[in-house]
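Geometric and topological summary
As a plain string of letters, each chain reads:
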Amino acid sequence: MPGSTSARTAGWALRSAVAADVEVIAELRATVMRADLERLGRYDEHRVRQRLRDSFSPQYTSIIMIDRELAGCVTVRPADGRQWLEHFYLAPRHQGRGLGSAVLRAVLERTDAQGMTVALNVLQGSAARRLYERHGFVVEAQDPIDVFMVRPPAATTAAA
């Protein structure tokens, strides 16, 4: 989705990330992931932010905007013959309202058109897993912390 500034549905839009977005996204990640990481005994105030800083790729990241406000982000990065869906975070006040599904549909429409499999990992016990399952992701592997999921490309002739 990088470079997409015209993707609009129900009041949201995507804009390309820039290097200056890294700290606000690191803070969003810390907020969104805190409960799950604490539940798993893995929350570290510094590490949760540093992992985002270390892997932030503005060229593959889109910022989710609602009324000129940063509502979240999503990264779709090519690796290992797949597209990796990473750093998909929504500010808590925007969760549970269909925004995640709308953004994920837009991402998957693009990867489907490219004929690409999408892979991701989600923390064990995270509510986000249900979102991914509703959109056709299946478990490929798991360990005590992470669930690795994949979704093959859907037929591009499917009705929207």
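Before any of the text, the structure's been laid out above.
Report follows, based on the coordinates. These numbers were taken from a predicted model, which means no experiment stands behind them.

Conventions we followed
Residues numbered from 1 in each chain as written. Predicted model: local features only at pLDDT ≥ 70, side-chain atom pairs only at ≥ 80, totals over all residues. Heavy atoms only, no water. Helix = DSSP H or I, 4+ residues; strand = E, 2+ residues; numbered from the N terminus. Expected span 1.5 Å × (residues − 1). Bend = angle between axes of the 7 residues up to and from the residue. Buried < 20%, exposed > 50% of the residue type's maximum accessible area, 1.4 Å probe, protein only. Contact = heavy atoms within 4.5 Å. Core = buried A, V, L, I, M, F, W, Y, C linked by side-chain atoms within 4.5 Å. Phe/Tyr/Trp six-rings, centres within 6.5 Å; stacked < 30°, edge-to-face > 60°. Salt bridge = Lys/Arg side-chain N within 4 Å of Asp/Glu carboxyl O.

**Some words on helix 1 (residues 22-39)**
For helix 1, built from 18 residues, the straight-helix expectation of 26 Å at 1.5 Å per residue is met to within 8% by its first-to-last C-alpha distance of 26 Å. Largest kink in helix 1: about 55°, centred on Met33. All of the buried residues along helix 1 are Val22, Ile25, Ala26, Leu28, Arg29, Ala30, Met33, Asp36 and Leu37. Contacts made by the buried residues of helix 1 are with helix 2 (47-55), strand 3 (61-66), strand 4 (69-79), strand 5 (82-90) and strand 6 (118-123). Count one or two residues on from helix 1 and you reach Gly41, which has phi positive near 70°.

**Focus on the nonpolar core**
Judged by nonpolar contacts, the single largest core of 25 residues is most densely connected at Trp12, Ile64, Leu85, Phe88 and Tyr132. Elements with a contribution of two residues or more to this core: strand 2 (12-16), strand 3, strand 4, strand 5, helix 3 (99-113), strand 6, helix 4 (128-134) and strand 8 (146-151). Element by element, the count of residues in this core is highest for helix 3, at 7 residues.

**Section: the packing of aromatic side chains**
As enumerated under the stated definition, the model contains 1 aromatic pair in all. Their ring planes at 70° and their centres at 5.7 Å tell us that Tyr132 and Phe137 sit as a pair that is edge-to-face. For Tyr132, a relative accessible area of 7% puts it in the buried group.

**Structural notes on the pattern of salt bridges**
Summed over the entire model, instances satisfying the criterion amount to 12 salt bridges. One salt bridge connects Glu27 with Arg49, and the closest N-O pair in it is separated by 2.7 Å. Pair noted here: Glu27 is in helix 1 and Arg49 is in helix 2, with a separation of 22 residues, a long-range link. When its relative accessible area of 39% is taken as the criterion, Glu27 is described as partly exposed. Since its relative accessible area comes to 12%, Arg49 is described here as buried. Ionic contacts of the salt-bridge type, sharing partners, join the residues Glu27, Arg34, Glu38, Glu45 and Arg49 into one network.

**Structural notes on the side chain of Glu86**
Mapping Glu86 onto the fold places it in strand 5. Filtering out sequence-adjacent residues up to four positions away, Glu86 remains in contact with Val74, Thr75 and Arg77.

**Considerations on unusual backbone geometry**
Unlike most non-glycine residues, Asp67 shows phi in positive territory, near 50°. Of note, Asp67 is situated in the loop between strand 3 and strand 4. Despite not being glycine, His87 has its phi angle at roughly 45°, a positive value. Mapped onto the elements of the fold, His87 is located in strand 5. Classification of His87 by relative accessible area gives buried; the value is 13%.

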